[in-house]
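Next come the chains, spelled out residue by residue.
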Amino acid sequence: MQTFSCRCGNPLFFENTYCLACESEVGWCPTCSAIVALEPLPNGGYRCTHPDCGSTLMKCHNYAVENVCNRMVVMVEGHADTLCDCCRFNEVIPDLTINGNRERWAALEAAKRRLFHTLDLLTLPYGVNGENIRVPLSFSFMADALPDQGLWRSTASQEKIYTGHANGHITINVKEADDVERERLRVDMNESHRTLIGHFRHEIGHYYWDLLVKGRDEDTCRHVFGDHNNPTYSDALERYYQQGTPADWSTQFISAYASMHPWEDFAETFAYYLDMVAVLDTARHMGLSRTEHNGTLDGMLRAFHQVGMAVNELNRDMGLLDLAPSVIAPAVRQKLTYLHQLILNANASPRT
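Residues numbered from 1 in each chain as written. Predicted model: local features only at pLDDT ≥ 70, side-chain atom pairs only at ≥ 80, totals over all residues. Heavy atoms only, no water.

(A) How the structure looks around the pattern of salt bridges. This model, assessed by the stated rule, comprises 21 salt bridges. One salt bridge connects Glu39 with Arg47, and the closest N-O pair in it is separated by 2.9 Å. In this structure, the salt-bridge partner of Asp298 is Arg333, at a minimum N-O distance of 2.2 Å. Of the two residues, Asp298 is situated in helix H8 (residues 297-317) and Arg333 in helix H9 (residues 330-347); the sequence distance between them amounts to 35 residues. With a relative accessible area of 40%, Asp298 lands in the partly exposed category. Arg333 gets classed as partly exposed once you look at its relative accessible area, which sits at 35%. Taken together, the shared-partner salt bridges in this structure form one network comprising Glu218, Asp219, Arg222 and Asp227. (Salt bridge = Lys/Arg side-chain N within 4 Å of Asp/Glu carboxyl O. Helix = DSSP H or I, 4+ residues; strand = E, 2+ residues; numbered from the N terminus. Buried < 20%, exposed > 50% of the residue type's maximum accessible area, 1.4 Å probe, protein only.)

Here it is in structure tokens:
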């Protein structure tokens, strides 16, 4: 992710809604793909102040009313869509009558915007129902618990909400936006990382299995990741939670959870690929690396290793978790090679 500049010269960041220096409102302009200062217009709306743009814009409803977004929509003849290019994928939003849910929703939306930014860097296809896309994409942000004195308690009358993916629909439990609860779950499940953006990248991996692999490239994918039909997903899930992770999982998988089933292996490896692309994009814009996010896989892996090791040491200086694993096993590299080619092929193929 790059940083941007306000018209006053102050740096702006991807999540900003106003400039700390000149107090201008700012937002994401879809025409020039940048966070820009917004100039209010006499008859409503805003003008993008980027010198090479000047588009007439309106705030996304979730920016103007809900304060959980920072994206703009382009006005055409005085009219504009209600929702921006990210918020239009929402089917269910959190219950805003519950204290704290607006802040959790804002965190979810910020992670989702970063997800879409990475997908756009890779020019991967996606779309909503009614568009030219074989598997429409949508999101629900829901809860099975209520905050109670800073904790979370299950409620017997509510259906339990699982973070997951089904037929293009991604559900995220809003308690994942609670830092304390998410860290507790990370420790309970013995995970090296558990982040909001990580959930989005993992679940979108399932989406792209449905979009790019299912009924199209299953034989090749099966050869790389294993047979997704044997054992069944339910059997594999039960075995995983009964028997735990194989002792040698790191020689075959990018994470312990990836050992559960080939579908989870695909999603975890896909998420790692998106991690790598996002980090390399930021590193290049920050002058930490010259490697493009869309270079050769060998070059990307080398650069990610170099940046990752530097950040790992910085994180250790501050007592934080490592950013990246120090070693990629040959079996994982083979899976990344498959995904790299799958993404390249998706860029060159029709969307349907």
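After that view of the structure, there is still more to cover.
(B) Quick peek at the sheet that holds strand S6 (residues 56-59). If you trace the five strands from one edge of the open sheet to the other, you get S3-S4-S5-S6-S7, paired in antiparallel fashion. The open sheet has two free edges, formed respectively by strand S3 (26-29) and strand S7 (72-74), since each of these has just one partner strand. Across the sheet, the mean angle from the axis of one strand to that of its neighbour is 50 degrees, orientation sign disregarded. One ladder, built from four bridges, connects S3 with strand S4 (residues 34-40); its direction is antiparallel. Note on S4: the bridge partner recorded for Val26 is Ala37. (Pairing = 2+ DSSP bridges. Axes fitted to C-alpha atoms, helices over the stretch in contact; angles between N-to-C directions.)

(C) Focus on the packing of helix H4 (residues 196-213) against helix H7 (residues 262-285). The interhelical angle for the contact between H4 and H7, taken along N-to-C directions, is 110 degrees, at an axis separation of 7 Å. Put simply, H4 runs roughly perpendicular to H7. In the packing of H4 onto H7, the handedness of the crossing is right-handed. Side by side, H4 and H7 meet where Arg201, His202, Ile204, Gly205, His206, Tyr208, Trp209 and Val213 of the first sit next to Trp263, Glu264, Phe266, Ala267, Glu268, Phe270, Ala271, Leu274, Asp275 and Ala278 of the second. For the contact of H4 with H7, the per-class residue count stands at 11 nonpolar, three polar and four charged. (Parallel < 35°, antiparallel > 145°, perpendicular 65-115°, else oblique. Left-handed = near helix turned anticlockwise from the far one by under 90°. Contact = heavy atoms within 4.5 Å. Nonpolar A, V, L, I, M, F, W, Y, C, P; charged D, E, K, R; others polar.)

(D) Region of the structure containing the nonpolar core. Residues Ile204, Tyr208 and Phe266 are the most contacted members of the largest nonpolar core, which totals 87 residues. With near-sequence residues (within four places) excluded, Ile204 lies in contact with Leu115, Leu119, Leu137, Ile170, Phe270 and Leu274. (Core = buried A, V, L, I, M, F, W, Y, C linked by side-chain atoms within 4.5 Å.)

(E) The arrangement of the packing of aromatic side chains in detail. What the rule picks out here adds up to 19 aromatic pairs. Relative to Phe116, the ring of Phe89 lies with its centre 4.9 Å away and its plane at 35 degrees, an arrangement referred to as tilted. Of this pair, Phe89 sits in the loop between S7 and strand S8 (90-92) while Phe116 sits in helix H2 (residues 101-121), placing them 27 residues apart in sequence. Taken as a pair, Phe89 and Phe116 share a single burial class, namely buried. Considering the side-chain rings of Tyr272 and Phe304, the 5.6 Å spacing of their centres and the 80 degrees angle between planes classify their relative orientation as edge-to-face. With a gap of 32 residues between them, Tyr272 in helix H7 and Phe304 in helix H8 connect regions that are remote in the sequence. In this pair, the class of Tyr272 matches that of Phe304, namely buried. Lys59 extends its terminal NZ or CZ atom over the ring of Tyr63, reaching a point 4.4 Å from the ring centre. Positioned above the aromatic ring of Phe139, the side-chain terminus of Lys112 is 5.5 Å from the ring centre. (Phe/Tyr/Trp six-rings, centres within 6.5 Å; stacked < 30°, edge-to-face > 60°. Lys NZ or Arg CZ within 6 Å of the ring centre and 35° of its normal.)

(F) Examining H4 more closely. The first and last C-alpha atoms of H4 sit 25 Å apart over 18 residues, in line with the 26 Å expected at 1.5 Å per residue. Most of H4 is tucked away, with 17 of its 18 residues classed as buried. You can read the cap of H4 off the contacts: a side-chain oxygen lies 2.9 Å from the backbone nitrogen of Gly198, and it is on Thr195. (Expected span 1.5 Å × (residues − 1). Polar contact = N/O pair within 3.5 Å; in protein donor to acceptor, adjacent residues only side chain to side chain.)

(G) Broad picture of the sheet that holds strand S9 (residues 138-142). Spatial ordering of the open sheet is given by S8-S9-S13-S12, a layout of four strands whose pairing is mixed. Each having just a single partner strand, S8 and strand S12 (164-166) make up the two edges of the open sheet. Strand-to-strand twist across the sheet, computed as the mean angle between neighbouring axes with direction ignored, equals 25 degrees. Alignment of S12 against strand S13 (residues 169-173), held across three bridges, turns out to be antiparallel. Within S13, the position partnered with Ala166 by the bridge is His169. Sitting on the sheet, H2 touches S8, S9 and S13, and the angle it makes with S9 is about 155 degrees.

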